[in-house]
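Take a look at the letters that make up each chain.
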Amino acid sequence: MAKPKKQKAKQFQRPRGTHDILPGTQPFWDRLRGLAHDISSFYEFGRIETPHFEDTELFTHGVGNATDIVEKQMYSFKTRGGDQLTLRPEGTAPIARSYIENGMVAEPHPVKLWYFGSFFRHESPQRGRFREFHQWGLESFGEEGPVVEAEIIQVIHTFLKELGIQDIYVELNSIGCPECRTQVKSQILAYYRSKSKKLCVDCKRRMKENYLRLFDCKEEKCVQIRQNAPQIIEHICENCKHHFKLLLEFMDEAQVPYVLNPYLVRGLDYYTKTVFEFFVGKPDEEKGTVEEVAEEKEEKKEEGVQQQPPPKLSFAVAGGGRYDGLVELLGGRPTPAAGGAVGLERLIEVMRHQKIELSAAPVKRIFLVQLGDLAKRKSLKIIEQFRNAKIPLGMSLGKDSIKSQFTLASKLGAEYVLVFGQKEALDNEVIIREMTSGIQETVPLEKLVDSVKRRLNL
Ligand code: HAM
């Protein structure tokens with residue numbers, strides 16, 4: 001009788017737009033996590049972690065129904081209990097929710113929080129754009145003045161600089177407050193109405209649903225039309241203009257290279273006044289160095305804060321802004337706030353591109369070579385002793401051949417090899433062999449760590 005054919009097991013792949021973070025990439029993540037931790041605490045932000053999923057309405061309400069995130073990119077699902085939940089596409093609305101829910105309003109203000117975690121958006125995967133990605137974010141509640149945005153921008157700038165990233169600059173704009181929005185809206189819509197026949201279908205819809213998104217359109221014909229559109233900054237109220245001017249003064253003081261982008265509106269509806277995005281590249285290669293651009297910008301500022309946006313050289317590595325209405329919109333007291341978040345996968349790509357060296361893993365000057373079952377079992381205790389003594393120890397418990405273990409030890413540049421075979425395991429001894437000279441000495445197990453320390457001058 002013919003044997004039944006064994007079916008080949010299905011091979012699984014990670015979902016599109018996600019990635020496995022393998023051991024080889026972990027040094028980047030360790031560096032980002034460590035630095036995010038240090039800088040956030042230095043600037044007195046407290047760490048917060050919120051759930052990976054939330055009530056869907058938090059985002060439809062908080063981020064805005066007519067935004068791309070809510071319209072197209074949310075992973076939403078109904079639970080068995082009937083709750084409508086969404087994997088968090090961003091961190092600001094959840095943190096505003098947590099600020100209200102946990103009564104942080106009663107704490108001394110500003111309440112400054114930071115987070116580090118993954119977010120989910122159903123976007124078309126491409127370079128620097130994933131469906132699960134990570135952000136380091138900062139949020140600050142309770143201060144009205146532009147010093148808050150200035151601080152957030154400065155902290156992000158410091159983070160990027162300390163990573164060793166070159167050519168960082170921030171694009172800035174103000175989109176005004178609810179009071180001046182009517183004026184801004186009527187100016188922009190009046191202009192676009194006169195061009196409506198030439199607009200793409202999406203922009204025709206944007207005119208009705210979310211006029212600020214008109215500035216985001218990438219269609220060539222709409223980009224052309226945008227070039228003569230009224231600039232938001234010209235139509236915002238005096239208060240918002242003053243706020244923005246003060247922010248620019250902070251930027252000059254902190255020496256953060258910036259460029260004004262009158263069409264920067266960002267893709268989330270909660271922003272008021274300041275919006276910003278960080279890029280890596282030259283702000284405007286036609287115009288020269290960052291210093292020259294700064295000089296020119298100074299003249300422009302005196303003429304009344306306007307400037308053409310620079311050509312985009314890469315994706316935004318961070319973004320944020322002020323969101324004075326969000327806490328109230330989510331049921332809290334009116335609370336001014338501002339924040340920003342850094343896209344960490346994008347940063348790693350920039351770090352790789354700029355060939356930024358990460359500090360090398362501690363060199364393992366000692367390598368443990370074991371042979372036989374008893375030695376392998378007893379090795380676990382030896383490893384623990386070295387860990388307690390904080391001495392990095394190379395090993396390969398999975399390899400049984402002495403030759404391949406020695407090869408690995410010399411590949412790792414070990415100065416000493418600890419030879420632990422069947423006989424040594426029975427006698428509770430270890431041979432310490434100096435790799436270059438081949439000189440070896442047998443020491444009792446209980447004196448091993450001390451004799452290694454002596455040899456290494458520790
Ligand atoms: P966002 O601009 O949507 O803002 O995201 C911030 C950063 O996350 C972006 O600049 C980008 O580097 C990264 N990012 C966004 N989407 C993706 C993606 N699909 N794949 C890879 N990286 C991505 C926010 O999320 C706001 N919550 C920031 C904020 C905080 N505003 C105020 N406080």
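Structural data are supplied above this passage.
Residues numbered from 1 in each chain as written. Predicted model: local features only at pLDDT ≥ 70, side-chain atom pairs only at ≥ 80, totals over all residues. Heavy atoms only, no water.

Q: Quick question: what am I supposed to make of the packing of aromatic side chains here?
A: Centre distance and the angle of the planes are the two values used to describe a pair of aromatic rings. In this structure the tally under the stated criterion is 14 aromatic pairs. Taken together, a centroid distance of 6.4 Å and an interplanar angle of 35° make the contact between Phe119 and Phe133 tilted. With Phe119 in strand E5 (residues 111–120) and Phe133 in strand E6 (residues 132–141), the pair connects residues that are 14 residues apart, well separated along the chain. By relative accessible area, which is 1% here, Phe119 ends up buried. Judged by centre distance (6.1 Å) and plane angle (90°), the rings of Phe276 and Phe278 are edge-to-face. Here the two residues Phe276 and Phe278 agree in accessibility, since each one is buried. Aromatic rings pair up to connect Tyr99, Phe141, Tyr270, Tyr271 and Tyr323 into one cluster. (Phe/Tyr/Trp six-rings, centres within 6.5 Å; stacked < 30°, edge-to-face > 60°. Helix = DSSP H or I, 4+ residues; strand = E, 2+ residues; numbered from the N terminus. Buried < 20%, exposed > 50% of the residue type's maximum accessible area, 1.4 Å probe, protein only.)

Q: Where do I start with unusual backbone geometry in this structure?
A: Excluding glycine, residues mostly have negative phi values, and the peptide bonds linking residues are mostly trans. A cis amide bond links His109 with the next residue in sequence, Pro110, at an omega value of 5°. By secondary structure assignment, the location of Pro110 is in the loop between helix H4 (92–101) and E5. Although it is not a glycine, Asn428 sits at a positive phi angle of roughly 50°. By secondary structure assignment, the location of Asn428 is in the loop between helix H16 (422–427) and strand E15 (429–434). Residue class for Asn428 comes out partly exposed when judged on its relative accessible area of 35%.

Q: Even after reading the chapter, I still don't get the sheet that holds strand E7 (residues 168–174), so can you show me in this structure?
A: By way of backbone hydrogen bonds, the strands of a sheet pair with one another, either parallel or antiparallel. Spatially, the eight strands line up as an open sheet ordered E1-E5-E6-E11-E10-E9-E7-E8, and their pairing is mixed. Strands at the two margins of the open sheet, each flanked by one partner only, are strand E1 (46–47) and strand E8 (258–260). As defined by bridge partners, strand E9 (residues 272–280) adjoins strand E10 (residues 318–322) across five bridges and the pair is classed as antiparallel. Bridge pairing in E10 places Val275 opposite Gly321. (Pairing = 2+ DSSP bridges.)

Q: I'm lost on helix H14 (residues 373–388) in this one. Help?
A: Working note: α-helix, 3.6 residues per turn, so residues spaced by three or four point in the same direction. For H14, with 16 residues, the first-to-last C-alpha span of 24 Å sits near the 22 Å given by 1.5 Å per residue. The largest bend along H14 measures about 30° and falls at Ser379. Considered for burial, the residues of H14 that qualify are Leu374, Ala375, Ser379, Ile382, Ile383 and Phe386. Buried residues along H14 sit against strand E12 (366–370), strand E13 (393–395), strand E14 (416–420), H16, E15 and helix H17 (448–456). Note on H14: the residue one or two positions beyond its end, Lys390, has a positive phi of about 60°. (Expected span 1.5 Å × (residues − 1). Bend = angle between axes of the 7 residues up to and from the residue. Contact = heavy atoms within 4.5 Å.)

Q: Looking at this structure, how should I read the site of the ligand?
A: Taken together, 26 residues sit near the ligand, with Glu90, Glu123, Glu139, Arg266 and Tyr271 positioned nearest. The contact in question runs from an oxygen atom of the ligand to an N or O atom on the backbone of Ala316, over 3.0 Å. With respect to the ligand, the backbone of Gly343 contributes an N or O atom lying 3.4 Å from an oxygen atom. Relative to its free-state accessible area of 650 Å², the ligand is covered by the protein chains to the extent of 96%. Sorting the residues of the shell around the ligand by element identifies E6, E10 and strand E11 (337–343) as the ones contributing at least two each. Sorting elements by how many residues they give to the shell around the ligand places E11 first, with four residues. Split into classes, the residues belonging to the shell around the ligand amount to 11 nonpolar, eight polar and seven charged. (Near = heavy atom within 4 Å. Polar contact = N/O pair within 3.5 Å; in protein donor to acceptor, adjacent residues only side chain to side chain. Areas by Shrake-Rupley, 256 points an atom, 1.4 Å probe, with all protein chains shown as cover. Nonpolar A, V, L, I, M, F, W, Y, C, P; charged D, E, K, R; others polar.)

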